[in-house]
Amino acid sequence: MQSFPLTVRRSIELLGLVVLGMVIVYGQQIIMPLLMAFFMSIVLLPVYRFLVRKKFPRVLAIFLALLLMIIIIAGIMFFIMMQTKPVIDDFATIKQNILNHINALSAWFSQKTNISAAQQSKFANEQSKKILDSAGQYLGGAAGSIGSVLIFFGLLPIYTFLMLLYKDILKQFIYLWFPQQLHPKIKDALIETESIIKSYIVGLLIQITYITILLGGGLLILGIPHALLIGVIFAVLNLIPYIGALFGNILGVLLTLSSSPDLSDVITVLVTIAIVQFLDNNILMPRIVGGKVRVNALASLAGVFVGGALAGISGMFLSLPILAITKVIFDRTEQFKQWGVLFGDKLPQKRMLLKRKPKAPAKK
């Protein structure tokens, strides 16, 4: 491919990206569980290796590692359900608080725009009718999404089990694609990929725990209703780089407005979230992950949007580790090294200056 002109090489690369995007869009129900299972199998590798060293049979070691993962996920889901229950029990109070806030907002809006409350109510009723009329069109899609989620989580443990069972075959498959002299580079890339994924995913689990404790505990001490639920929601959404924190703030504010008649509680929630985010971004998470996922903010943000457009929520969650892995591969290839530089967070030490060509002498 090096013999082709530069424009041809770049055109082939862009065509490859388009084809890859189409494969992900049309095959995401197969690809995304496989990718998630690949990441989970790497996270479970230390547990599997520990059990094998203790003379456990391979199949039993894989089963126990998977059982540990299922117990942790089930514990998180149970905790979220327990925190959601008080919200359901307080539905009457929440409804009244929402009505109070709507009336206050309507009065403020009438004062500023001279649009009466009756006109606002008429407009709201018309929009509500349109929403209800179109809601039926989305029920089928929602049912399909629920089915996809069930298939996703049903296939995940099966894929993870099989990847751990056949991991040596998968490694041999990768090595056979390359000549013998490149095998040391392939080995280094595999080791670094394993280290990045383990650091990232284990770091995210730790991040969920301490954000829930810091944010939920802090709001609980300050007397905010449903404090732990706000902490859990923000911690889970914060797994989506950059975008998740924004939605976490919005949902935290909405949950506070629906649970409290006092607007000062909203300020308390926003300030507490800002403090926890500062601690997370600048002190805690860099020490936990250790700077292994070295992808710059521009590439991360673009990756989140591209992943969401191609594969929905799962694509947004997996965008950063996928970018980190592709950067490891790009850094070790001459053909795609420029892409590794584009994704990285290392600024060049020296400015690349273009040398000016000397002016040709003027003809007489």
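Counting of residues starts from 1 at the beginning of each chain's written sequence and follows it residue by residue. Per-residue local features of the predicted model are confined to residues with pLDDT of at least 70, and side-chain atom pairs are confined, for both listing and counting, to 80 or more; whole-chain, interface and lining totals are unaffected and use all residues. Note: side-chain values were computed over all heavy atoms of the structure, leaving out hydrogens and water.

1. Some points on the overall build of the protein chain
At step 1: Think of it this way: any DSSP run of H or I at least four residues long counts as a helix, any run of E at least two long counts as a strand, and we number them from the N terminus. A count of helical and extended segments in the protein chain gives 11 helices and zero strands.
At step 2: Relative to its full complement of 364 residues, the protein chain shows a buried share of 32%.
At step 3: The contact rule is simple, with two residues in contact once any of their heavy atoms fall within 4.5 Å. Counting only contacts in the protein chain whose residues sit at least 6 apart along the sequence, the fraction spanning at least 24 positions is 68%.
At step 4: Areas reported here follow the Shrake-Rupley algorithm with a probe of radius 1.4 Å; residue values treat only the protein chains shown as occluding. Split by element, the accessible area of the protein chain, about 24,100 Å² in all, is 72% carbon and sulfur. For every residue, the accessible area obtained with a 1.4 Å probe (protein chains only) is divided by the maximum for its type, and the residue is called buried under 20%, exposed over 50%, and partly exposed between those limits.

2. Digging into unusual backbone geometry
At step 1: Residue Lys55 is not a glycine yet carries a positive backbone phi of 70°.
At step 2: Within the element layout of this structure, Lys55 appears in the loop between α1 (6–53) and α2 (58–89).

3. What to know about the environment of Leu204
At step 1: Along the chain, Leu204 falls in helix α6 (residues 183–221).
At step 2: Sequence separation between Leu204 and Met285 is 81 residues, and the spatial gap between their C-alpha atoms is 8.6 Å.
At step 3: In contact with Leu204, not counting residues within four places along its chain, are Leu239 and Met285.

4. Concerning the confidence of the model for the protein chain
At step 1: A residue's pLDDT is the confidence the predictor assigns to it, expressed on a 0 to 100 scale. Summing up the model confidence of the protein chain, the mean pLDDT is 75 and the portion of residues at 70 or higher is 73%.
At step 2: Element-level pLDDT for the protein chain is lowest in helix α4 (residues 117–165), with a mean of 63, against a maximum mean of 86 in helix α5 (residues 167–175).
At step 3: Note on residues 135–145: pLDDT under 50 across the span, and zero contacts to partners over four residues away in sequence or across chains.

5. Observations regarding a nonpolar patch on the surface
At step 1: Taken together, the side chains of Leu214, Ile267, Val271, Ile275, Phe278, Leu279 and Ile283 define a hydrophobic patch exposed on the protein surface, amounting to about 610 Å² of accessible area.
At step 2: The greatest single-element share of the nonpolar patch, amounting to six residues, is contributed by helix α9 (residues 264–289).
At step 3: Its location among the elements puts Ile283 in helix α9.
At step 4: With relative accessibility at 37%, the residue Ile283 sits in the partly exposed group. A patch is a set of surface residues, each over 30% in relative accessible area and not in a salt bridge, joined within 9 Å for like charges and within 5 Å for the nonpolar side chains Val, Leu, Ile, Met, Phe, Trp and Tyr. What counts as a salt bridge is simple: a side-chain nitrogen of Lys or Arg found within 4 Å of a carboxyl oxygen of Asp or Glu.

6. Some details on the packing of aromatic side chains
At step 1: Centre distance within 6.5 Å is the pairing criterion for rings of Phe, Tyr and Trp, where only the six-membered ring of Trp is used; planes under 30 degrees apart are then read as stacked, over 60 as edge-to-face, and the remainder as tilted. This model, assessed by the stated rule, comprises three aromatic pairs.
At step 2: Seen from their ring centres, Phe38 and Phe39 are 5.6 Å apart, and the 50° between their planes marks the pair as tilted.
At step 3: Between Phe173 and Trp177, the ring centres sit 6.0 Å apart and the planes meet at 80°, which makes this aromatic pair edge-to-face.

7. Observations regarding the side chain of Thr193
At step 1: With respect to the helices and strands, Thr193 occurs in helix α6.
At step 2: Here Thr193 is in contact with Ile325 and Val328, once residues within four sequence places are set aside.

8. Thoughts on the side chain of Ser319
At step 1: Among the structural elements, Ser319 can be located in helix α10 (residues 297–331).
At step 2: Beyond its immediate chain neighbours, meaning those up to four positions away, Ser319 contacts Gly303 and Val304.

9. Considering the environment of Ile250
At step 1: One can find Ile250 in helix α8 (residues 243–259).
At step 2: Sequence-wise, Ile250 and Phe234 are 16 residues apart; in three dimensions their C-alpha atoms are separated by 9.5 Å.

10. Quick notes on the pattern of salt bridges
Once the charged atoms of two side chains with opposite charge are near each other, the side chains can pair.
At step 1: Considering all chains together, one arrives at two salt bridges under this definition.
At step 2: For Arg49, the salt bridge is made with Glu194, and the minimal N-O distance between the two is 2.9 Å. Placement of Arg49 in helix α1 and of Glu194 in helix α6 is noted, with a sequence separation of 145 residues between them.
At step 3: Among the ionic pairs, Lys167 bridges to Asp168, the shortest N-O distance being 3.3 Å.
At step 4: The class for Asp168 is partly exposed, based on a relative accessible area of 47%.

11. Observations regarding the packing of α6 against helix α7 (residues 227–237)
At step 1: Axis geometry follows a simple rule: fit a line to the C-alpha atoms, using only the stretch in contact for helices, then measure angles between N-to-C directions, giving values from 0 to 180 degrees. Following both chains from N to C, one finds α6 and α7 inclined at 150°, their axes separated by 7 Å at the closest point. Considering the angle they form, α6 stands roughly antiparallel to α7. Relative to α7, the crossing made by α6 is right-handed. Judged by residue contacts, Ile208, Ile211, Thr212, Leu215, Gly216, Gly217, Leu219 and Leu220 of α6 engage Ala227, Leu228, Ile230, Gly231, Val232, Phe234 and Ala235 from α7.
At step 2: Side-chain classes follow a simple rule in which Ala, Val, Leu, Ile, Met, Phe, Trp, Tyr, Cys and Pro form the nonpolar group, Asp, Glu, Lys and Arg form the charged group, and the remainder, Gly included, forms the polar group. Class assignment of the residues belonging to the contact of α6 with α7 gives a composition of 11 nonpolar, four polar and no charged. Each angle is binned into one of four classes, with values under 35 degrees roughly parallel, values over 145 roughly antiparallel, values of 65 to 115 roughly perpendicular, and all other values oblique. Each crossing gets its handedness from the near helix: less than a right angle anticlockwise from the far helix is left-handed, clockwise is right-handed.

12. Some details on α8
At step 1: By this rule, a helix spans an expected 1.5 Å times one less than how many residues it contains. Compared with the 24 Å implied by 1.5 Å per residue over 17 residues, the 25 Å span of α8 between its first and last C-alpha is a close match.
At step 2: Residues Ile243, Gly244, Ala245, Gly248, Asn249, Gly252, Val253, Leu255, Thr256, Ser258 and Ser259 constitute the buried set of α8.

13. Some points on the environment of Phe343
At step 1: Relative to the helices and strands, Phe343 resides in helix α11 (residues 337–343).
At step 2: According to the relative accessible area criterion, Phe343 is buried, its value standing at 14%.
At step 3: The sequence separation of Phe343 and Ala324 amounts to 19 residues, and the corresponding C-alpha distance is 8.3 Å.

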